[in-house]
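What the coordinates show
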Amino acid sequence: MINSRAGFFRIAVVALFFASTLLSGCSDDNDNVTVASNGSSNESPDTDTGNETAEPRVFTISPGDSATTDAVAAFFEAAPGDTIEFEAGFFDFTTGLVMQNTEGVTVKGAGMDNTVLSFEDSDTAEGFLISNVRGVVVTDLTVTDTPGDGIKVKSSDIVTYRNVRTMWSSADTPVGADNYQTAIHYECPAEPISELNPAPYQPDSGNGRYGIYPVQASNVLLDNVESLGASDAGIYVGQSDDIIIKNSRALYNVAGYEFENTQRAEMFDNIAECNTVGYIIYDLPYLTQYGYQARMHHNVARNNNFDNFAAGGIVSQVPKGSGLITLSYDQVEVDHNEFSDHQTGAILITSYELIGDDGDLRQDVYTEALSIHDNSFDNSGYSMPPPDLQALAEGDVSSALPTIIALKNGGQGADIIWDGVYDGPNDCAKPDVPTNDRGKPQFEGTDVKPADCGDADGNGVADRYNAYKFDDSGTRKKPSMWICIENNTYTGSPAAPEFANIHGLAGLEALNAVLDPSQLSDPDYLPGVLAGIPEFAADNDSSPHQCQLEYGETLPSMPAVELATYTLPEGGTGRPTEEQIAQMCARDTDGQINWDALAEVDCPDLASYHLFNDPQDPSTDSNGGTPYDLNTQLFSDYATKYRFVFMPEGTAATYRDGSENVNAAYEFPVGTVIAKTFSFEDEGAGTVNHVETRLLIKREDNDGTLVWEGLPYIWQTDGNGKRVARLSKGGGTAAVSWNYTDDHSGNLHQGSTDSYRIPNAAQCVTCHANTHNVAGAAPIGPKPRNLNKPYAYEDAGMANQIAYWVDHNLLTGAPADLDVDANTMIATKVERIPYFNVPGDGGDTANSDADIEQRIRGYLEVNCAHCHNEGGAASNTGLYLDYFRAVNSSYGICKTPTAAGAGSDGRPHDIQPGSVSESIMPFRMGSDDVEAKMPPIAHSVVHDEALELLNEWIENVVDSEYEDGACANGPSLGAIR
């Protein structure tokens, strides 16, 4: 066991300089608005309009100018049994392809060498984004040059990737229409990569993060997939269950393959070559689940010595020259693999105690039940990578680990390197969560962290409950809570040992005094130094890990992973035909809302639904709808928004607030329509330009399934000079300008943009989908905390919105006593988010620390928390920004990013207390880069007011006194963290 991490930064500085000598070496008309629509038709490509039984369809997508429009529509409309088929050729897409809330869909090409889909010119991060889909297959194609992730499948079940490649062009050879059949192929040199033997591929830190990327998924098969050039991980499985990866290849990525926080995973018959690290099996803190039970067998890891080119995040700190790194992950079996030519080491076994403890007390920071057997090792640890002294001087100690290894192991690495740290018995109480059959608490990301029970052994890491690791006498259970290394074959460099236990930082404590001589006056300092000296040198004796010989038994083999299979449901899809759509949309409803059409079909003309008495003006005169407004609003390039909710006669919404479900809006009846029109105002000219109207419609399928459908309508001027809103499933762009005074802050907003983005129909669910709500694009805004404000109603004058809804039988279940203040019209007994741009609006002294925090938290709730919550699109990040959450690591305080890539800008934490320049959040809010900007869609300019408030909060309010705020006192400690 080991030693304190106190003073690690100082130790690393001295160690690296010492090593340098020892080793040497993410208007009222149309005159002022120009709209470019990516498809304004309700028609589907290659759809049989005479099909009355709604048989499965084949959407055929051909290369050419209409490919983006056709593919976007197909991904949006895909229903059970449908196939989306890309023909052979090169495709250049201008936006990503999004599929949500369906099942049994196959996306296929003509072969991974013949169908190449380029997203180099895309305005969104992902190439494919598929979520909440059961039984999806992606096969026989290549995806290239996505700004962010290649093919991401999230929150889905029974997922198959087969014969699929994702890649990013080599910097010297862009993949294009003239060379795509050759420029997608690269090989890894037979000899180790070095200055004398450079790689043929030239990386770019701006490459997307993940190539093949299933996350929070289950029953996933990756068969014969390939990834090249990912700036994080090529083939990555995160927070998922029951995974098989086989027959696949990863090269020239920072990490070839990763299992992260995944349960029951198996990989075999794969190759990782010419990556920075071949394979990583690890747990990250603060995520939705923690991993266990992974088996890696019959794989090849060779020549993974590629320079680390990640732009940021945890993987940017991984040392090159590693075959496998495992970190804080239990029940791992590594057997019958071939490891060759790794300059640091074939296998690195690490823990958070050595490389930096993130403080997630739900997570066990050590690797246990790790079995390494029957592998072959050749030529490991022959040339330790040098430290990055400039980065070290700037506070990044990530490159220190290989140097520490070299210092303690005679200037070299080894085939298997263990950091040598593990925990001893403590008095921590058992947490009130279920345990597995090994006695380990099974925390989930939503569980409250257990109370800090101290640091009994003084190692600088908070103790966790660990009684299950020891017998009644306090002796560690071996082999069940140990590391077993048996029956392996070692060849290659005779100088590097087969095994090295480096005992963590033991023996390096004396180096602290070089930088801080005052420590010599501490009476406990010298005894600590002397105690560590015997463990300065690495221990190369692996016999304590020969479990069968030492303990009479060894760890059992991991069971094979079994995947569920998918069967297409019977009964068809119930889709209407084009003739039925036309008939329903053309119905004469005698001036009433066309409820039948709203319930079943997507009308190509907004006026067909009769939601507004004046079909040319969606801002004031609704046909029975109730207008509403929010206090702090989602920012959309300074658009003015007109919102109405329409509920079938005699129905009402059900009140839900944060005490019941922090991320859920009101529950609306089936048939509800929410209309939001985005317009741009010129108060000097007295004009308002309506650009788009988005509908959210709550529908019920034939089988009783409820779903919110999102439909975007773009406003245009027709040939008769009339304003019409046409359905545009492909979205579009608009050139807009604004000139108006904000009603709340009194600030004048003036500006323009040529690239205001109108999301396509499939992108609605990117923000609106949430596992806490009905499937599809569920409403975000109608929550009590957003609606608790006055509104000027035509029939009632100024009134509190919640009270008005109750009084007019539009809302049930609200508190009996709202206690509406007669002056402010705010319900004092109901939750509320303040106006972000009105100091003091939340009740605290204007511009006080509490006021600033209230207002920026309100802004982040409305603009970010719809994705950044435990059921949203960004649930896998572990960053949650809902209004009622404690401001700690899960809110971003000192939280390292899981996968920010270029989106991190090389900054260490989401929020670095007291430092805007070291915080990722303000960088992303202020960026216009496709991969980095947040929110990722629906805006093209930076919201300067909000960014200024965020910067003020981080720089002047957040400090080390915040929970988990210790990083305010200096850079993160650790070599890989």
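Residues numbered from 1 in each chain as written. Predicted model: local features only at pLDDT ≥ 70, side-chain atom pairs only at ≥ 80, totals over all residues. Heavy atoms only, no water.

From N to C terminus, the chain includes 17 helices and 44 strands. Looking at the chain residue by residue over its 977 residues, the buried ones come to 62%. Total accessible area on the chain is roughly 35,100 Å²; 47% of this is exposed by carbon and sulfur atoms. (Helix = DSSP H or I, 4+ residues; strand = E, 2+ residues; numbered from the N terminus. Buried < 20%, exposed > 50% of the residue type's maximum accessible area, 1.4 Å probe, protein only. Areas by Shrake-Rupley, 256 points an atom, 1.4 Å probe, with all protein chains shown as cover.)

Further remarks concern the nonpolar core. Ile-84, Phe-86, Val-107, Phe-128, Leu-141 and Ile-347 are the most contacted members of the largest nonpolar core, which totals 71 residues. Considering each element in turn, this core owes the most residues, seven residues, to strand β8 (residues 128-144). The residues touching Ile-347, leaving out its near neighbours within four places in the chain, are Leu-324, Val-334, Phe-339, Ile-372, Phe-377, Asp-415, Ile-416 and Ile-417. Judged by nonpolar contacts, the second largest core, of 57 residues, contains Tyr-210, Cys-274, Val-277 and Ala-310. (Core = buried A, V, L, I, M, F, W, Y, C linked by side-chain atoms within 4.5 Å. Contact = heavy atoms within 4.5 Å.)

So, about the state of the cysteines. Counting across every chain of the model gives five disulfides. Shown here is the disulfide that connects Cys-188 with Cys-274, its sulfur atoms set 1.9 Å apart. Every disulfide takes its handedness from the sign of the S-S torsion; for Cys-188 and Cys-274 that torsion is 75°, giving right-handed. Within this pair, whereas Cys-188 is found in the loop between α3 (180-183) and β11 (210-215), its partner Cys-274 is found in the loop between β18 (271-273) and β19 (277-282), the two being separated by 86 residues in sequence. Each member of the pair, Cys-188 as well as Cys-274, is classed as buried. For the chain, numbering the cysteines in disulfides from first to last along the sequence yields the connectivity 1-2, 3-4, 5-6, 7-8, 9-10. (Disulfide = S-S within 2.5 Å.)

Turning our attention to the side chain of Arg-438. For Arg-438, the position within the fold is in the loop between β28 (414-418) and β29 (483-486). Here Arg-438 falls in the buried class, since its relative accessible area comes to 16%. Polar side-chain contacts of Arg-438 include one of 2.7 Å to the backbone oxygen of Ser-480. (Polar contact = N/O pair within 3.5 Å; in protein donor to acceptor, adjacent residues only side chain to side chain.)

Quick look at the confidence of the model for the chain now. Model confidence for the chain is summarised by a mean pLDDT of 86, while 86% of its residues fall at 70 or above. Scored below 50 in pLDDT, residues 37-53 shows 48 contacts in the model against residues more than four places distant or in partner chains. Counting contacts from residues 971-977, a segment whose pLDDT is below 50, to residues more than four positions away or on other chains yields 38 contacts. (pLDDT = per-residue confidence, 0-100.)

Summarising the element assignment, Cys-585 is placed in helix α10 (residues 578-585). Owing to a relative accessible area of 10%, Cys-585 belongs among the buried residues under this scheme. The sequence separation of Cys-585 and Asp-602 amounts to 17 residues, and the corresponding C-alpha distance is 8.3 Å. When neighbours within four sequence positions are excluded, Cys-585 is seen to be in contact with Asn-594, Val-601, Cys-603, Pro-604 and Ser-608.

Let us now look at the pattern of salt bridges. With the rule as written, the count across this model stands at 40 salt bridges. Asp-605 is the partner of Arg-726 in a salt bridge, and the nearest nitrogen-oxygen pair spans 3.2 Å. Here Arg-726 is found in strand β38 (residues 723-727), whereas its partner Asp-605 is found in the loop between α11 (595-600) and β32 (626-628), with 121 residues between them in sequence. Among the residues examined, Asp-605 registers a relative accessible area of 18% and is labelled buried. Shared partners join several salt bridges into a network, and the residues in it are Asp-330, Asp-364, Glu-368, Asp-423, Arg-438, Lys-440, Lys-469 and Arg-476. (Salt bridge = Lys/Arg side-chain N within 4 Å of Asp/Glu carboxyl O.)

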